[in-house]
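Chains, contacts and geometry: an overview
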Amino acid sequence: GSILADAQVTGGLGPGTNGGAGGGGGHAGIGAQSCTGMQGGVMYDSYLNPSLPGSAGGTADAGKTQGGAGGGTIFINIPTGNFTIQPTGLISSNGSAGAKSQNTAGGNGGGGGSGGSIVLNIGYLSARGGVIASSGGNGGPASGAGNAGGGGSGGLVRLNIAHIDTNNSVYPTIVNVSGGATQQCSSISSPGIVYSFCDGGLTPSATGLSCALCPAGTSSSAGDLRCTLCPLGTSTNQQMGQKQCEPCSKGHYANVTGAPYCTPCPAGFSANTTSSQQC
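Residues numbered from 1 in each chain as written. Predicted model: local features only at pLDDT ≥ 70, side-chain atom pairs only at ≥ 80, totals over all residues. Heavy atoms only, no water.

1. Looking at the overall build of the protein
Worth spelling out the cut-off: Counting from the N terminus, the helices are the DSSP runs of H or I reaching at least four residues and the strands are the DSSP runs of E reaching at least two. Surface accessibility in these figures is a Shrake-Rupley result with a 1.4 Å probe; residues are shielded only by whichever protein chains are displayed. We treat Lys and Arg as the positive residues and Asp and Glu as the negative residues; His and chain ends play no part in the count. For charged residues, the charge sits on one atom: NZ in Lys, CZ in Arg, CG in Asp, CD in Glu.
Counting its regular elements, the protein contains 0 helices and 18 strands. Projecting the C-alpha coordinates of the protein onto the three principal axes gives extents of approximately 75 × 50 × 30 Å. Summing over all exposed atoms, the protein offers an accessible surface of approximately 12500 Å²; the carbon and sulfur share of this is 52%. Seen as two clouds, the 7 positive and the 7 negative side-chain charges of the protein have centres 4 Å apart.

What follows is the structure, given as structure tokens:
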């Protein structure tokens, strides 16, 4: 089955700017600027606790061409229960694409709407495939000699899942929070954010459905969105999954950030203190 909240918002807190060609709607990040220079909408909401819908793209050609609508909000709260995403399942709060002008001689496109918010608070998730999506809509294409609208920002997906079972899944569950495309010019919309709480030394995976070890040379604290490079003079001693970076011992140094290990000083050189950046 599907749970859909696509294209529900015609305003929002981060709408794209109206103009020649509309700017993309903002949410998790800024919307793309249109090919006539109309600014995209602003970033708002919190990736830790998203609660707001997406925003509309800007209109074009003095309001004659509409921007896309922003995605809505989906909250699934089963903290001690079971929830299954089937192979054909879809949980979606996408923004829609901006419209194409009817003026074939030289019309401008509307801005794309931004993705909304999806929050899953689930005790036991059976992930059998399917898609979780909160993507921005594409900017409307140009007509004739006109200009394209900006793409909408991706939305926010917050996953608070106590246990995930993927053992019987043939296909992975896909989480998509891409920003909408802007045709014709190089303006780029911001992608969305997928966040799940991970303990220290871990980081959310690309899908957000699991946690992965921080690589050597990086560390994280509980709840961090990503792993952080070790500062100069520190390393993780070639270990993955570290909560903090350790100072280089005497006689060793690290002269780059993200060093997986501290390097011994060469013959004739010394480091008489810990955390040395050079010998």
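2. Looking at the nonpolar core
Rules: Only buried residues count toward a nonpolar core. Its members are Ala, Val, Leu, Ile, Met, Phe, Trp, Tyr and Cys residues joined through side-chain atoms within 4.5 Å. Remark: exposure states derive from per-residue accessible area (1.4 Å probe, protein chains only) relative to the maximum for the residue type, with buried under 20%, exposed over 50%, and partly exposed in between. We call two residues contacting when some pair of their heavy atoms lies within 4.5 Å.
Counting 19 residues, the largest nonpolar core has Ile91, Leu120, Leu125, Ile132 and Val157 as its most contacted members. Sorting the residues of this core by element identifies strand 2 (73–85), strand 5 (117–127) and strand 8 (156–165) as the ones contributing at least two each. Here this core gets 5 residues from one element, more than from any other, and that element is strand 5. Aside from chain neighbours lying at most four places away, what touches isoleucine 91 is Ile3, Ile74, Ile76, Phe83, Ile85, Ile118, Leu120, Val131, Ile132 and Ala133.

3. A closer look at the sheet that holds strand 5
This is how it is decided: Being paired, for any two strands, means DSSP has found at least two bridges between them. With axes taken as lines fitted to C-alpha atoms, and helix axes fitted only over the stretch in contact, angles between N-to-C directions fall between 0 and 180 degrees.
Pairing is parallel across the open sheet formed by 4 strands, whose spatial order is 2-5-8-10. Only two strands of the sheet have a single partner each, and these edge strands are strand 2 and strand 10 (193–196). Within the sheet, the average angular offset between the axes of one strand and its neighbour, ignoring direction, is 20 degrees. The pairing of strand 8 with strand 10 spans 4 bridges and is parallel. The residue of strand 10 that forms the bridge with leucine 156 is isoleucine 193.

4. Concerning the sheet that holds strand 1 (residues 2–4)
Within a sheet, each strand pairs with its neighbour through backbone hydrogen bonds, oriented either parallel or antiparallel. The strand order 1-3-6-9 describes an open sheet built from 4 strands, whose pairing is parallel. Each having just a single partner strand, strand 1 and strand 9 (174–176) make up the two edges of the open sheet. For this sheet, the mean angle separating the axes of adjacent strands, direction not counted, is 10 degrees. Bridging between strand 1 and strand 3 (residues 90–92) involves 3 bridges; their strand directions are parallel. Residue pairing in the sheet places leucine 4 in a bridge with serine 92 of strand 3.

5. Observations concerning the environment of tyrosine 253
Considering the arrangement of structural elements, one finds tyrosine 253 in strand 17 (residues 252–253). Looking at tyrosine 253, the relative accessible area reads 19%, which means it is buried. Note: C-alpha distance between tyrosine 253 and isoleucine 161 (92 residues apart in sequence) is 41 Å. Sequence-distant contacts of tyrosine 253, defined by excluding residues within four places in its chain, comprise Cys248, Cys262, Thr263, Pro264, Cys265, Ser276, Gln277, Gln278 and Cys279.

6. Observations regarding the packing of aromatic side chains
The condition is simple: When two rings of Phe, Tyr or Trp (its six-membered ring) have centres within 6.5 Å they constitute a pair, described as stacked for plane angles under 30 degrees, edge-to-face for angles over 60, and tilted for the intermediate range.
What the rule picks out here adds up to 1 aromatic pair. When the centroid spacing of 5.2 Å and the interplanar angle of 70 degrees are considered together, the rings of tyrosine 47 and tyrosine 195 count as edge-to-face. Of this pair, tyrosine 47 sits in the loop between strand 1 and strand 2 while tyrosine 195 sits in strand 10, and the two are 148 residues apart along the sequence. The exposure class assigned to tyrosine 47 is partly exposed, which follows from its relative accessible area of 30%. Residue class for tyrosine 195 comes out buried when judged on its relative accessible area of 2%.

7. Let's talk about the state of the cysteines
Quick note on the threshold: Pairs of cysteine sulfur atoms within 2.5 Å are identified as disulfides in what follows.
Applying the stated criterion to the full structure yields 6 disulfides. Paired through a disulfide, cysteine 248 and cysteine 262 show a sulfur-sulfur distance of 2.1 Å. Measuring handedness by torsion sign, the sulfur bridge of cysteine 248 and cysteine 262 sits at about -85 degrees and is left-handed. You can see cysteine 248 sitting in the loop between strand 16 (246–247) and strand 17 and its partner cysteine 262 sitting in the loop between strand 17 and strand 18 (263–264), a full 14 residues away along the chain. No difference in accessibility class separates cysteine 248 from cysteine 262, as the two residues are buried. By sequence order of its bonded cysteines, the protein has the disulfide arrangement 1-2, 3-4, 5-6, 7-8, 9-10, 11-12.

8. Topic: the environment of glycine 16
Within the element layout of this structure, glycine 16 appears in the loop between strand 1 and strand 2. Expressed as a C-alpha distance, the spacing of glycine 16 and serine 126, which sit 110 residues apart in the sequence, is 38 Å. Those residues in contact with glycine 16, other than ones at most four positions away along the chain, are Gly23, Gly24, Gly25, Gln39, Gly40, Gly41, Ala56, Gly57 and Gly58.

9. Digging into unusual backbone geometry
A positive phi angle is found at aspartate 45, which is not glycine, with a value near 80 degrees. With respect to the secondary-structure elements, aspartate 45 resides in the loop between strand 1 and strand 2. The exposure class of aspartate 45 is partly exposed, given its relative accessible area of 27%. Despite not being glycine, glutamine 184 shows a phi value in the positive range, around 85 degrees. Note that glutamine 184 resides in the loop between strand 9 and strand 10.

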